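Listed below, chain by chain, are the residues.
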Amino acid sequence: MRSEAQRWLLNLLSAIGPLIALGVVILIFGVADHYQENGGNFLTVSNFQSVSRNTATVAVAALGMTFIIISGGIDLSAGTGMALCATVLAFALKADYSAAVSIGLCLLTGCLCGLINGLLISFLRMIPFIVTLGTMSIYLGIAKLIAKETTVRPNRLEQVPEWLRQFTSTRNDALLFGLPVGVWVAVGLAILVAGVLRYTVFSRHVFALGSNESTARLCGVHIARTKILVYVIGGLFVGIAGLFLFSRLTVGNPTSGTGMELQIIAAVVIGGGSLNGGSGTVLGTLAGAGIMAVIQSGCTQLSVSNPMQEMILGAIIITAVFIDQIRHRRTE
């Protein structure tokens, strides 16, 4: 039998484990970069700003994915949905809609993507993996139709507001307290999500749904409504991430989100979220997104090829899922 102190220590290590892993990854790449020829660029302020910007886009979408994974679901359409939202935003700006209307359409598109996923999963009682695998391709096709199989390019100076161009910029005149404005927005959203997960009845329903759907139903949780709401929230964050993506590119590229769903899901899983449902934290998700951004930046600094980076990411995902499976077996 474990003592109260031992359980408290294990819970603490579980909570801060992803942060410790992030620190270790930063240290490893920092040392490796320091000792290579023409190195010393990894542990710099400018590189930290660049890493934080890259982290923010994935982290925002991963905040919504945290709800989905806690509920026992998954969303493989997040990457193409994000690109669809960015394409809608670019198309609206190019059509001379106001920034407010264009951004509203971007967020609405994300919510509609989530709503479609939620409805298909809930009322057709289909497996989330299969549904979102299908909608992943559908959203990519819709984005290509809107863009007419090309890239939507609004006039950067006349049709894209200056604040949107600078939203994720690392230029000195665009920084707020040393970081891009978009990074602070991502931090604010993380705090909001953490509060929802910690203090609301809805979050208790989400955790109950992911832990045991049958038990949750017996306890009075409205399963279909909760699932739909979870996916709509996930879609909303995909729409916000689409705004981040457009700010970085200032164009609408229908294929720009291809493959990003793996990074988004990996951020949650690496951060301690369980693919079996019932567990996940905002702090872990942010740390997971940070780990991937640091690895990508570190590999670039060390001149590691893109294929090797993809192999490293795949190995990390497999390791994280394996650890989760071991942890899940121990609690059974």
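Not measured: the values here are computed from a predicted model.

1. A short note on the side chain of Ser77
- In this fold, Ser77 is placed in the loop between helix H2 (45-70) and helix H3 (78-94).
- The contacts of Ser77, once residues within four sequence positions are left out, are Asn117, Thr132, Thr135, Met136 and Tyr139.

2. Some details on helix H4 (residues 99-123)
- For H4, spanning 25 residues, the distance from its first C-alpha to its last is 36 Å, which sits close to the expected 36 Å at 1.5 Å a residue.
- Among all positions in H4, only Ser102, Ile103, Cys106, Thr109, Gly110, Cys111, Cys113, Gly114, Asn117, Gly118, Ile121 and Ser122 are buried.
- Here the buried face of H4 lies against H3, helix H5 (128-147), helix H6 (162-165) and helix H10 (223-249).
- Just downstream of H4 lies Arg125, where phi reads positive at about 50 degrees.

3. Describing H10
- With 27 residues, H10 extends 39 Å between its outermost C-alpha atoms, agreeing within 8% with the 39 Å of an ideal straight helix rising 1.5 Å per residue.
- Burial analysis of H10 places 20 of its 27 residues in the buried class, which makes it a mostly covered element.
- Where H10 terminates, the next one or two residues include Thr250, which has phi positive at roughly 55 degrees.

4. Remarks on the packing of aromatic side chains
- Counted under the stated rule, the structure contains five aromatic pairs.
- With 6.1 Å between their ring centres and 40 degrees between their planes, Phe29 and Phe42 make a pair best called tilted. Of this pair, Phe29 sits in helix H1 (residues 4-34) while Phe42 is found in the loop between H1 and H2, placing the two residues 13 residues apart along the sequence.
- With 6.2 Å between their ring centres and 35 degrees between their planes, Phe67 and Phe202 make a pair best called tilted. Of this pair, Phe67 sits in helix H2 while Phe202 sits in helix H8 (residues 201-211); the two residues are 135 residues apart in sequence, bridging distant segments of the chain.
- For Phe67, a relative accessible area of 2% puts it in the buried group.
- Judged by relative accessible area, Phe202 falls into the buried class, the value being 19%.
- In this structure an aromatic cluster arises from ring pairing among Trp163, Phe167 and Phe244.

5. Here we look at the pattern of salt bridges
- Here the structure, examined in full by the defined rule, presents three salt bridges.
- Note that Asp173 is salt-bridged to Arg171, the shortest N-O span being 2.8 Å.
- A salt bridge links Arg217 to Glu213; its shortest N-O distance comes to 3.4 Å. With Arg217 and Glu213 both in helix H9 (residues 213-218) and four residues apart, the pair spans about one turn of that helix.
- With a relative accessible area of 46%, Arg217 lands in the partly exposed category.
- Assessed through its relative accessible area of 30%, Glu213 is described here as partly exposed.
- Each of Glu213, Arg217 and Lys227 takes part in a single network of salt bridges with overlapping partners.

6. Overview of the state of the cysteines
- Counting across every chain of the model gives zero disulfides.
- The cysteine Cys85 is free of any disulfide, with Cys106 supplying the nearest cysteine sulfur at 4.9 Å.

7. So, the nonpolar core
- Judged by nonpolar contacts, the single largest core of 72 residues is most densely connected at Val60, Met65, Met82, Phe237, Phe246 and Ile264.
- Considering every element that reaches this core, the biggest residue donor is H2, with 13 residues.
- Residues in contact with Met82, not counting those within four places in the same chain, are Thr57, Ala61, Val238, Ala241, Gly242, Leu245, Met260 and Ile264.
- With five residues, the next largest nonpolar core counts Val88, Cys113, Tyr139 and Ala143 among its residues.

8. A short note on the environment of Gly220
- As for its placement among the helices and strands, Gly220 is situated in the loop between H9 and H10.
- Classification of Gly220 by relative accessible area gives exposed; the value is 61%.

Cut-off values and rules
Residues numbered from 1 in each chain as written. Predicted model: local features only at pLDDT ≥ 70, side-chain atom pairs only at ≥ 80, totals over all residues. Heavy atoms only, no water. Helix = DSSP H or I, 4+ residues; strand = E, 2+ residues; numbered from the N terminus. Contact = heavy atoms within 4.5 Å. Expected span 1.5 Å × (residues − 1). Buried < 20%, exposed > 50% of the residue type's maximum accessible area, 1.4 Å probe, protein only. Phe/Tyr/Trp six-rings, centres within 6.5 Å; stacked < 30°, edge-to-face > 60°. Salt bridge = Lys/Arg side-chain N within 4 Å of Asp/Glu carboxyl O. Disulfide = S-S within 2.5 Å. Core = buried A, V, L, I, M, F, W, Y, C linked by side-chain atoms within 4.5 Å.

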